[in-house]
Amino acid sequence: MLAAPRLALACAALLAAPGTDAQPIAPAEAPRAALPETLVLAGENLVTVTVNGVPLRFEVSAEAFGPPVVNPAVAARLMLVPEAARGWRFGPVVVEGHSASALADFGAGPAVLTLAWSDRTASEKADGVIGVHHLPHARVTFAFHAPAPGETIERFALKRAGGRGNTRLGTEVAVGKKRLMMIFVPERRENLVTAPTANFIATHREGGFEPGSDGVAVMDFGVERPTRMMRIADPIALGSLALERFAVRVEDYGAPRQVGEIARDDPRFDRNGILVSRRRGRGRPDLLTRIGSDQLAHCSSLTYDLAGRAIELSCAPPPG
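Given the structure is predicted, the values throughout are model-derived calculations rather than measurements. (Residues numbered from 1 in each chain as written. Predicted model: local features only at pLDDT ≥ 70, side-chain atom pairs only at ≥ 80, totals over all residues. Heavy atoms only, no water.)

Draft legend 1. Region of interest: the overall build of the chain. Secondary structure summary: the chain contains 3 helices and 21 strands in total. Residue burial in the chain is summarised as follows: out of 320 residues, 46% are buried. Put simply, 67% of the contacts in the chain that link residues at least 6 apart link residues at least 24 apart. Accessible area of the chain: about 17500 Å², with a carbon and sulfur share of 54%. (Helix = DSSP H or I, 4+ residues; strand = E, 2+ residues; numbered from the N terminus. Buried < 20%, exposed > 50% of the residue type's maximum accessible area, 1.4 Å probe, protein only. Contact = heavy atoms within 4.5 Å. Areas by Shrake-Rupley, 256 points an atom, 1.4 Å probe, with all protein chains shown as cover.)

Written out as structure tokens, the structure reads:
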């Protein structure tokens, strides 16, 4: 009857004896709370991420690609040591920078994450900018405003492009024999394309520049590029969206020579006419089109279903 207690005492003495390798068993760490499956962003679209032990606020951008980018003062504060060169090109404007590895914690424990920075500010309202593809949630929703009566949800296949180093999230639509990558950018008003893509779209869908439509597109890091507004006679259908107006970056990666001008009584834009195009499709486009908030004005939310590989738009019937 006494054997079991004596054995237990002997084992305890052995574990406590000097010179042995055994160590007291530490109490188990309390499990971390699981991250919510869905993240809903509204207003300034900010999230907090602890980087190398420092809490930082990141602006979440549906347009952002590649690694998260921090402001130069934040990179200095984190004492990031450049590990690789990093650059961003906006036509003839090149922004040079660096990248380095850091430990980032979204709330479920630290993990290695590459950060980039330059000597230009990445965000005016946060410590940096991060893309949806880096967030550890199954679903990420941008809430624009309260849903309207009669809204329906449209789902588009989610496409990842750019590889691991320059990941972009969007969906594709066929134009001619190519597929354009559509990136939803609710933080930008206009639909935006480069000059080669404008040439391509114009020769497939009869596009022309609207008179007096000169403008400026503000890109990442505050880079400004001149634009002109192109309208196409045969809109591009993306679900219920009819894309017909695009701000064209007229000085980037070439010139939009195939676009031409819209005359006052241009027959291509006569809704009662029959459109026949004899133009040869031209241009070597980058196949990237940014869809702005003007196009999504009748939609209350944009959701990236990363687990289901889909993009969802909740929209009222389109105006008109």
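Back to the text.
Draft legend 2. Structural detail: the sheet that holds strand β10 (residues 152-157). Read across the open sheet, the 5 strands follow the order β1-β9-β20-β21-β10; overall the sheet is mixed. The outermost strands of the open sheet, each flanked by one partner alone, are β1 (38-41) and β10. Adjacent strand axes in the sheet meet at a mean angle of 20° when their direction is disregarded. Note: strand β20 (residues 299-305) against strand β21 (residues 310-315), 6 bridges, orientation antiparallel. Note that in β21 the partner of T303 across the bridge is E312. (Pairing = 2+ DSSP bridges. Axes fitted to C-alpha atoms, helices over the stretch in contact; angles between N-to-C directions.)

Draft legend 3. Representation of the confidence of the model for the chain in the model. For the chain, the mean per-residue pLDDT works out to 84, and 80% of the residues sit at or above 70. Taken as a whole, residues 272-283 scores under 50 in pLDDT and shows 23 contacts with residues more than four places along the chain or in a different chain. (pLDDT = per-residue confidence, 0-100.)

Draft legend 4. Here's a closer look at the state of the cysteines. Throughout the structure, instances matching the rule amount to 1 disulfide. A disulfide bridge connects C299 with C315, and the sulfur atoms are separated by 2.0 Å. A torsion of 95° about the S-S bond marks the disulfide between C299 and C315 as right-handed. Here C299 is found in strand β20, whereas its partner C315 is found in strand β21, with 16 residues between them in sequence. (Disulfide = S-S within 2.5 Å.)

Draft legend 5. View of the pattern of salt bridges. With the rule as written, the count across this model stands at 17 salt bridges. Between E172 and R179 there is a salt bridge, with its nearest N and O atoms 3.2 Å apart. Since its relative accessible area comes to 29%, E172 is described here as partly exposed. Here R179 falls in the partly exposed class, since its relative accessible area comes to 45%. Between R205 and D234 there is a salt bridge whose closest N-O contact spans 3.8 Å. Here R205 is found in helix α3 (residues 195-205), whereas its partner D234 is found in strand β17 (residues 224-238), with 29 residues between them in sequence. Beyond isolated ion pairs, a larger network of salt bridges with shared partners links E63, R188, E190 and R290. (Salt bridge = Lys/Arg side-chain N within 4 Å of Asp/Glu carboxyl O.)

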